[in-house]
Amino acid sequence: MSPAALPRITDTPYLADGHRAFARTVEEFVTREVAPRADARTDDDARALLGLISGAGFTRYCVPVVHGGLAVETRAALDTRALAVLRESLAGACGVADLVLVMQALGSLPISLAGTPEQCARWLPGVAAGRTITAFALTEPEAGSDVAALATRATRTGDAYVLHGHKRFISQATVADLLVVFARTGGDGARGISAFAVERSAPGLSVVPQAPMAPHPLGEVHLDGVRVPAAHRLGEEGTGMRTALRALDVCRPSVAAAACGMARRALAESITRARTRKQFGKPLWEHQLIGQKLARMATDLAAAQLLAARACAEVDAGGDATGAVSQAKLFATEAAGRIVDDAVQIHGGEGVMAGSVVERLYREVRALRIYEGTSEVQHLVIARALCRD
Ligand SMILES: Cc1cc2nc3c(=O)[nH]c(=O)nc-3n(C[C@H](O)[C@H](O)[C@H](O)COP(=O)(O)OP(=O)(O)OC[C@H]3O[C@@H](n4cnc5c(N)ncnc54)[C@H](O)[C@@H]3O)c2cc1C
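Since we're looking at a predicted model, the values are computed, not measured.

K.L.:
Quick question: what am I supposed to make of the site of the ligand here?
P.N.:
Every one of the 18 residues lining the ligand counts as a neighbour, but T139, S145, F169, T374 and E376 are closest to it. Residue L138 places a main-chain N or O atom 3.0 Å away from an oxygen atom belonging to the ligand. Separating a nitrogen atom of the ligand from a backbone N or O atom of F169 is a distance of 3.0 Å. Of all elements in the fold, only strand 3 (160–171) and helix 10 (375–387) reach the threshold of two or more residues within the shell around the ligand. In terms of residue count, strand 3 provides more of the shell around the ligand than any other element does, three residues in total.

K.L.:
For this particular structure, what's the right way to read the nonpolar core?
P.N.:
Inside soluble globular proteins, nonpolar side chains tend to come together where they are buried. In this structure, V34, F136, L138 and F182 are the most contacted members of the largest nonpolar core, which totals 103 residues. Top element by residues in this core is helix 6 (residues 240–276). It accounts for 19 residues. Counting residues in hydrophobic clusters, the runner-up holds 21 residues, among them F196, V198, L223 and V226.

K.L.:
What should I look at first to understand the domain arrangement of the chain in this one?
P.N.:
By convention, interface size is frequently given as the accessible area that disappears when the constituent parts associate. Domain parsing of the chain yields domain 1 (3–129), domain 2 (134–238) and domain 3 (242–387). One C-alpha centre belongs to domain 1, the other to domain 3, and the line joining them spans 19 Å. Across the contact, 36 residues belong to domain 1 and 36 residues belong to domain 3. Summing both sides of the interface, domain 1 and domain 3 together bury roughly 3,000 Å²; the carbon and sulfur share of this comes to 65%. The tally of links between domain 1 and domain 3 comes to one salt bridge. Along the contact surface separating domain 1 from domain 3 lie 12 residue pairs in polar contact (both at pLDDT 80 or more). Going through the elements one at a time, helix 3 (80–93) and helix 4 (95–114) are the ones with two or more residues in the side of domain 1 that touches domain 3. Class assignment for the residues of the side of domain 1 that touches domain 3 results in 23 nonpolar, five polar and eight charged.

Definitions and limits used
Residues numbered from 1 in each chain as written. Predicted model: local features only at pLDDT ≥ 70, side-chain atom pairs only at ≥ 80, totals over all residues. Heavy atoms only, no water. Near = heavy atom within 4 Å. Polar contact = N/O pair within 3.5 Å; in protein donor to acceptor, adjacent residues only side chain to side chain. Helix = DSSP H or I, 4+ residues; strand = E, 2+ residues; numbered from the N terminus. Core = buried A, V, L, I, M, F, W, Y, C linked by side-chain atoms within 4.5 Å. Buried < 20%, exposed > 50% of the residue type's maximum accessible area, 1.4 Å probe, protein only. Domains from an automatic or database assignment. Contact = heavy atoms within 4.5 Å. Buried area = accessible area lost by both parts, 1.4 Å probe. Salt bridge = Lys/Arg side-chain N within 4 Å of Asp/Glu carboxyl O. Nonpolar A, V, L, I, M, F, W, Y, C, P; charged D, E, K, R; others polar.

Here it is in structure tokens:
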């Protein structure tokens, strides 16, 4: 099989013909506009990529059709399969492009899922058009995997809430115009948490950039007496954690798709390398130990694509997909880690040189096993889905 013929998520039986046609359109766009910008790293690069992606209309897939978004075909909040198609292509070409696209979905889903018609009309058209950049601010220094322990406090004073707290590891914090902030309005635990749409210009809100190992607009968010109109609370008091988990359930299958995109690119690079590089008088792939690696990488990728596509299809069908989603996220991100690591090995010294494709993928793929629920947390979710009454 040649690198160009490697399978995609759209080649699995879980996607509709419309998604296959959509994948061709996306791939042409990514090859033409995104691939030449693979080394994007600054906030300005991120904004420019979002401009290109929204100019092509793809950010509209981050907003439900009823609020001015687009879908190839779905019965759920978003067309998760379309999001997967977009992420598989974007992630193989440029990590920052993948991130800016998906954060428009994750950052706005709490509004789509829990917002009033007025709130949706106020913010979602700008998100769909790529004019309003969104962020999802849940994690805190003392509340990572255990998010229900978050300490940011929202205190009601008349027709507003005043927010005090500290968020960290917030994607797009450095470029966002609008942040969905989860804060405690009640007692301990998940039921004491509410969600708020907070405009970046609000006095008292400041952002300190953070620098992960692969380029990614990321930051800490400090909330020092930020006044948020009560009309910007998303849903009833106490429903914030449920909204956050629903949003994550919609986006998590697309993390598996992004992992497949990075793994597919790493395998393609490895096949090319193993065919053209000769040692001991023959191409690398003809050495059995390298051939075995390629076979294992391709098999892992195919399994990851099937799980990702199944999870997306189950979410789009509108049922309880939690177990399938966590299996896809867990397997695809772990498999992509193995595949990219093998790709570096197959490239030898070239594989660890700054600027090589597999070196970039090696740095980019790592965070996928951590964000939107670590691999350990996915194991817990799968076990719960298997054993709970
Ligand atoms: C690049 C990047 C982008 C991110 N973007 C966002 C964002 O946009 N918004 C946002 O809110 N958050 C974001 N995060 C935060 C991310 O969701 C958290 O990092 C993640 O949930 C883990 O939390 P933690 O880092 O505090 O690790 P911890 O919770 O401290 O976990 C440390 C280790 O302990 C393990 N562990 C924890 N609890 C258990 C348990 N019960 N059983 C077994 N093992 C356990 C974990 O799996 C992990 O291996 C981002 C993170 C990264 C790296």
